[in-house]
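The primary structure of each chain is shown beneath.
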Amino acid sequence: MRATTLLAMTAVATIAMPAAVRAQVTPRPDGAEARQGQAIVRVVALTDSILRVRIGRDGAMPEDASWAVDRATRARSVAVTPAADGFATKAVRVRFGADGGLRVEDLAGHVISADTGPVRFDGKAFTLAKAMPQGEHYFGMGDKTGGLDRRGKTFVDWNTDAFGFTGGEDPIYKSIPFFIGVGGEGGSYGLFLDNTWRTWFDFGHRDDRTLAFGGPDGPIDYYLIAGPTTADVVRRYTDLTGKAPLTPRWALGYQQSRYSYMSADELRAVAARLRQERVPTDVLWLDIDFQDRNRPFTVDKNAFPNLKGLIGDMKGQGFRVVTITDLHVAKAEGQGYAPYDSGTRTDEFVHRADGSTYVAPVWPGPSVFPDFTQAKTRVWWGDLFADQVRMGVAGAWNDMNEPAIFETPTKTMPDDVVHRIVSDDFGRRTATHAEIHNVYGMENTRATYDGLRRLAPDERAFVMTRASYAGGQRYSVTWTGDNLATWDHLKLSVQQIINLGLSGFSYGAADVGGFAGGPSADLLTRWFQIGAFYPVFRDHSAKGTPRAEPWVDGPEHLAIRRRFVEERYRLMPYLYALAEQNARTGDPILRPVFYDYPAAMRMSCDQSWTFTLGRSLLVAPSPSPEQPRDYDVCLPAGGWYDYWTGQRAGVPQQQAGPGQIQSATQATGVATVLGDRVTVTPRIDTLPVFVRAGTILPRQPLVQSTAEVPNGPLQLDVYPGEDCRGDLYADDGHSMAFTRGGFLRQAVTCRMTDNGMTIAFGARTGRFAPWWKQIRMVVHGWQGAGVVSAGRRAVAAQGDAAAGTLSFTLPDQRKAGDVTLARQ
Ligand code: GLC
């Protein structure tokens, strides 16, 4: 941005609307248009709460096409009520100021978002500026660094191979030009700038009253998404850009990776050790060295003489194998390398400006690059996975897709490399890399995902990507790339995963232990504890660094790490239900505390990486994890239980019985309870986790892999409180049968009664028969004995005075019905 533009931008005062001077507003049945200088601003209500704003520079609207929002979604609209200065929907009022500046309010007149002036142009570049209220905070923007809150910072969207990125480095791997404003007078709202060029966002870095964003070129096409809650915004943003499909259940298990397991023997040894040490594990990853000379779609036959056999053996032991497939195709002329030969034959690779094929060095040496903006190239690419699918490879890892290029200071292709767009509802045209760069990785994953779905139509496809754009969650899960084995990065990883989740990417991961460097024993142990709550839990490390498998620091550390991996497996029914909820609603799996508890924004504890898993579990690591000093955890109103002891936590000290304080002590080191706070003294073998009062938490017996059928009852822990519920979800874990009724969904609720509690099993939907035959119920916060009946049948129950629980076992509750508990 030029200094002149900035000056002009910041000089514009907050929009004032003298009644006499009105913008020329042209009503539309679904919105309105107004003139802003040389530009036309068109606002269309896609729904009552989602506005699409398009700005035509010289009166003509930009091309109506998108990589992120499909045609049917863009074509939606609702009828609006016109007004002299704009229009209203059932949720918002849109008003144009005298200068055509846009102001969006809720129906009570609270400002959601307001321009501080008209759009500004500088050649092809554009700048938009909005008022930035004090007290508003900003989240989203994908995997960007710089902590949780974007306020006061500035960012650029340009997918970048950022090996060993620092905590403030920008840009890094992904470009998701979407943010959520939280804490303003109109509640939470979202803004998604659907422009794939090198866009930028300034959240009050230059001027703390102005939120500015823009791009060097491309469409001025953005969506304003009204809340008022953050959850409303995320759900609506994923209505626009798509939901992440339900992942195979094994992808929620523990995953072991290394750059690289160099041979079949080494992979077998790692697998054997995982089972021998009883660290539950679902996935083993093969990095680039399993290939012949780093060539995608090949196998090094010396090191992996029988990959199919190896994969089959691993499957027999409950492991899936995911392999890496980078997009760069080795330029191996006349060597019988099929991807190069077939791609050359049908002209699938990107061109230089002079029409020749663009060639540049990556892992395999000189390489060529598929033109994923052509639908036919995506089909060609997807079909290349046929051999892998035949061999039983469980999923694809698409790395280096920024795209990363070696031996060049820009680390990527020149801006003038030519892509051909033949896709979706784009006009058939060429586009420079400057336009396509940020969607290149996403279209790579789209090609992979669609290919895997075509090749195995009844299996869920699993793709992991490093680079992506808005909407990439439809095709792949993601991880944060080449992080460092430092305490800062451990904390940063959670902040990145939170912001990814708010940006649609609900399946976030970070290399557990850190990719580069080598973690101390304590750091790796803490990383396992936190990673056990990541949506995707993968230990990965770079070549030449110390090994980072769970056992590397001896039995004591292994025991702690194992305990946390085990806990994740016990929580699998909860985690899987969250994944299914995410697929339907877009609610992230791992969330900031304010997602479900908006008042948490105002709590005084350092919440910079406290997070929730669903609405029911709150994980509270130390704000300075490398320090052994005490810290306070603020628990949102409503009451919480200590996950590890099942005891009430955070009750006011004067009301807590000695037993309760005692148990908090056991759980979290030395804890004193201060009102809605818990003071924690960190210990390396514990991590404070709390359960919301009003939760019915499903857990299962321990298994060594999700392929194993749990042996024993489903366990439902009931933590009494307001709005008490839990969700059961089950299906076969891998096929598409769940889309045809092959699932089980059932809500369980609880309510306090005069002399006890009623637990209500709702009606079950779907036809899937679950693994459990019985349900073990453990009711927390229960004093004394109890009489339990299910319908008219009496159920034997055991009270445990010390634990404060009442436990009993029910047959599987296939039908809706109440279970009543009466105190004795
Ligand atoms: C990139 C990836 C890393 C991988 C390596 C080799 O650095 O980010 O995860 O191990 O390439 O494929």
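Residues numbered from 1 in each chain as written. Predicted model: local features only at pLDDT ≥ 70, side-chain atom pairs only at ≥ 80, totals over all residues. Heavy atoms only, no water.

Asker: Looking at this structure, how should I read the environment of serine 476?
Answerer: In this fold, serine 476 is placed in the loop between β28 (463-465) and β29 (477-479). The exposure class of serine 476 is buried, given its relative accessible area of 6%. Between the alpha carbons of serine 476 and proline 245 there is a distance of 8.7 Å; along the sequence they are 231 residues apart. Excluding its chain neighbours within four sequence positions, the residues that come into contact with serine 476 are Thr445, Val463, Met464, Thr465 and Phe505. (Helix = DSSP H or I, 4+ residues; strand = E, 2+ residues; numbered from the N terminus. Buried < 20%, exposed > 50% of the residue type's maximum accessible area, 1.4 Å probe, protein only. Contact = heavy atoms within 4.5 Å.)

Asker: Explain the sheet that holds strand β23 (residues 360-362) to me, please; I cannot follow it from the model alone.
Answerer: Two pairing modes exist for strands in a sheet, parallel and antiparallel, and in both the strands are linked by backbone hydrogen bonds. Taken in spatial order, the three strands make up an open sheet running β22-β24-β23, and their pairing is antiparallel. Where the open sheet ends on each side, the last strands, each with one partner, are β22 (329-330) and β23. Pairing analysis gives three bridges linking β23 to strand β24 (residues 365-368), with the strands arranged antiparallel. Counted as the bridge partner of valine 362 is glycine 365 from β24. (Pairing = 2+ DSSP bridges.)

Asker: Can you walk me through the packing of helix α4 (residues 264-276) against helix α5 (residues 307-316) in this structure?
Answerer: Helix-helix packing is described using two parameters, namely the angle between the two axes and the distance between the axes. In contact at an axis separation of 11 Å, α4 and α5 are set at 5° when each is read in the N-to-C sense. Here α4 is positioned roughly parallel relative to α5, judged by the angle of their axes. The residues of α5 that touch α4, namely those facing Ala264, Leu267, Arg268 and Ala271, are Leu310, Asp313 and Met314. Of the residues that constitute the contact of α4 with α5, the class distribution is five nonpolar, no polar and two charged. (Axes fitted to C-alpha atoms, helices over the stretch in contact; angles between N-to-C directions. Parallel < 35°, antiparallel > 145°, perpendicular 65-115°, else oblique. Nonpolar A, V, L, I, M, F, W, Y, C, P; charged D, E, K, R; others polar.)

Asker: How do you make sense of the domain arrangement of the protein chain when you look at a structure like this?
Answerer: By convention, interface size is frequently given as the accessible area that disappears when the constituent parts associate. If you check the domain split of the protein chain, you get domain 1 (2-241), domain 2 (249-326 + 374-402 + 437-585), domain 3 (590-691) and domain 4 (712-823). Here the C-alpha centroids of domain 2 and domain 4 sit 34 Å apart. Between domain 2 and domain 4, the residue contacts involve 11 residues of the former and 13 residues of the latter. Of the roughly 1200 Å² buried between domain 2 and domain 4, counting both surfaces, carbon and sulfur atoms make up 47%. For domain 2, the biggest contributors to the area lost against domain 4 are Asp458, Arg460 and Glu580; these three give 43% of the whole. Put simply, domain 2 and domain 4 have four salt bridges between them. For aspartate 732, the salt bridge goes to arginine 460, with nearest N and O atoms at 3.7 Å. One can count 10 residue pairs in polar contact (both at pLDDT 80 or more) joining domain 2 with domain 4. If you tally residues by element for the side of domain 2 that touches domain 4, the top one is helix α13 (residues 572-585), at five residues. (Domains from an automatic or database assignment. Buried area = accessible area lost by both parts, 1.4 Å probe. Salt bridge = Lys/Arg side-chain N within 4 Å of Asp/Glu carboxyl O. Polar contact = N/O pair within 3.5 Å; in protein donor to acceptor, adjacent residues only side chain to side chain.)

Asker: What's the story with the pattern of salt bridges in this structure? I'm lost.
Answerer: Pairs can form between side chains of opposite charge once their charged atoms are near each other. Summed over all chains, the structure comprises 58 salt bridges. Salt-bridge contacts for aspartate 157 lead to lysine 144; the nearest nitrogen and oxygen are separated by 3.6 Å. Here lysine 144 lies in the loop between β12 (137-140) and β13 (154-156) and aspartate 157 lies in the loop between β13 and β14 (178-182), a separation of 13 residues in the sequence. Neither aspartate 157 nor lysine 144 differs from the other in exposure class; each is buried. Residues joined by salt bridges that share partners form a network here, namely Arg52, Asp64, Arg71, Arg74, Asp221 and Asp425.

Asker: Please clarify how the sheet that holds strand β9 (residues 111-114) should be interpreted in this entry.
Answerer: Pairing in this open sheet of five strands is antiparallel, and the strands run β5-β6-β7-β8-β9 from one edge to the other. The open sheet has two edge strands with one neighbour each: β5 (81-83) and β9. Looking at each pair of strands side by side, their axes are set apart by 15° on average, direction ignored. Inspection of the sheet shows strand β8 (residues 102-106) paired to β9 by three bridges, in the antiparallel sense. Bridge assignment links valine 104 to a residue of β9, and that residue is serine 113.

Asker: Mind showing me how you'd approach the side chain of asparagine 444 here?
Answerer: Residue placement: asparagine 444 occurs in helix α9 (residues 433-455). Setting aside anything within four residues of it in sequence, one finds asparagine 444 in contact with Leu327, Phe372, Trp381, Asn398 and Asn401.

Asker: Honestly, the site of the ligand in this entry has me stumped. Any pointers?
Answerer: Around the ligand, the neighbouring residues are Tyr259, Asp287, Ile288, Ile324, Trp363, Trp397, Asp399, Arg466, Trp479, Asp482, Phe515 and His540. Taking aspartate 287, its side chain carries an N or O atom lying 2.5 Å from an oxygen atom of the ligand. Within the side chain of arginine 466, a nitrogen or oxygen atom sits 2.8 Å from an oxygen atom of the ligand. Protein contacts shield 97% of the accessible area of the ligand, which totals 310 Å² for the unbound molecule. (Near = heavy atom within 4 Å. Areas by Shrake-Rupley, 256 points an atom, 1.4 Å probe, with all protein chains shown as cover.)

Asker: Sorry, what's going on with the packing of aromatic side chains here?
Answerer: A ring pair, where both rings are aromatic, is described by two values, the distance of the centres and the angle of the planes. Inspection of the entire model under this criterion finds 44 aromatic pairs. Ring geometry for phenylalanine 155 against phenylalanine 203: centres 6.1 Å apart, planes inclined by 65°, an arrangement best described as edge-to-face. With phenylalanine 155 in strand β13 and phenylalanine 203 in strand β16 (residues 200-203), this residue pair connects regions lying 48 residues apart in the sequence. Of the two residues, phenylalanine 155 and phenylalanine 203, neither departs from the other in class, the shared state being buried. Taking the centre distance of 6.3 Å and the plane angle of 15° together, the rings of tyrosine 729 and phenylalanine 743 count as stacked. Taken together, the residues tyrosine 729 in strand β43 (residues 724-731) and phenylalanine 743 in strand β44 (residues 743-753) connect sequence positions 14 residues apart. For the pair shown, tyrosine 729 and phenylalanine 743 are each scored as buried. Three or more aromatic residues joined by ring pairs form one cluster here, namely Tyr138, Phe155, Phe179, Tyr189, Phe201, Phe203, Phe213 and Tyr222. Stacked on the ring of tyrosine 576, the Lys or Arg arginine 249 has its end atom at 5.5 Å from the ring centre. (Phe/Tyr/Trp six-rings, centres within 6.5 Å; stacked < 30°, edge-to-face > 60°. Lys NZ or Arg CZ within 6 Å of the ring centre and 35° of its normal.)

Asker: Help me understand the state of the cysteines in this model?
Answerer: Two cysteines form a disulfide when their sulfur atoms are joined by a covalent bond. The tally for this structure, following the rule as stated, stands at two disulfides. Here cysteine 605 is linked by a disulfide to cysteine 634, with a sulfur-sulfur distance of 1.9 Å. Taking the torsion about the S-S bond as the criterion, the cysteine 605 to cysteine 634 disulfide, at about 80°, is right-handed. Of the two residues, cysteine 605 is situated in the loop between β32 (590-592) and β33 (611-613) and cysteine 634 in strand β35 (residues 631-634); the sequence distance between them amounts to 29 residues. What pairs with cysteine 724 in a disulfide is cysteine 750, and their sulfur atoms sit 2.1 Å apart. Measuring the twist about the S-S bond at about 110°, one finds the cysteine 724-cysteine 750 disulfide to be right-handed. Of the two residues, cysteine 724 is situated in strand β43 and cysteine 750 in strand β44; the sequence distance between them amounts to 26 residues. Cysteine 750 shares its class with cysteine 724; the two are buried. For the protein chain, the bonded cysteines pair up as 1-2, 3-4 when numbered in the order they occur along the sequence. (Disulfide = S-S within 2.5 Å.)

Asker: For this particular structure, what's the right way to read the pairing of strand β7 (residues 92-96)?
Answerer: A regular strand places its side chains so that they alternate between the two faces of the sheet. Burial along β7 is one-sided: Val92, Val94 and Phe96 are buried, and none of Arg93 and Arg95, which face the opposite way, are. As judged from the three bridges shared by strand β6 (residues 86-88) and β7, these two strands associate in the antiparallel manner. Its bridge partner being in β7, phenylalanine 87 is matched across the sheet by valine 94. Hairpin connection, β6 to β7: the antiparallel pair is bridged by three residues. Taking the residues that link successive antiparallel strands as the turn, the β7-β8 hairpin has five residues, and the phi of glycine 100 there is positive, at about 85°.

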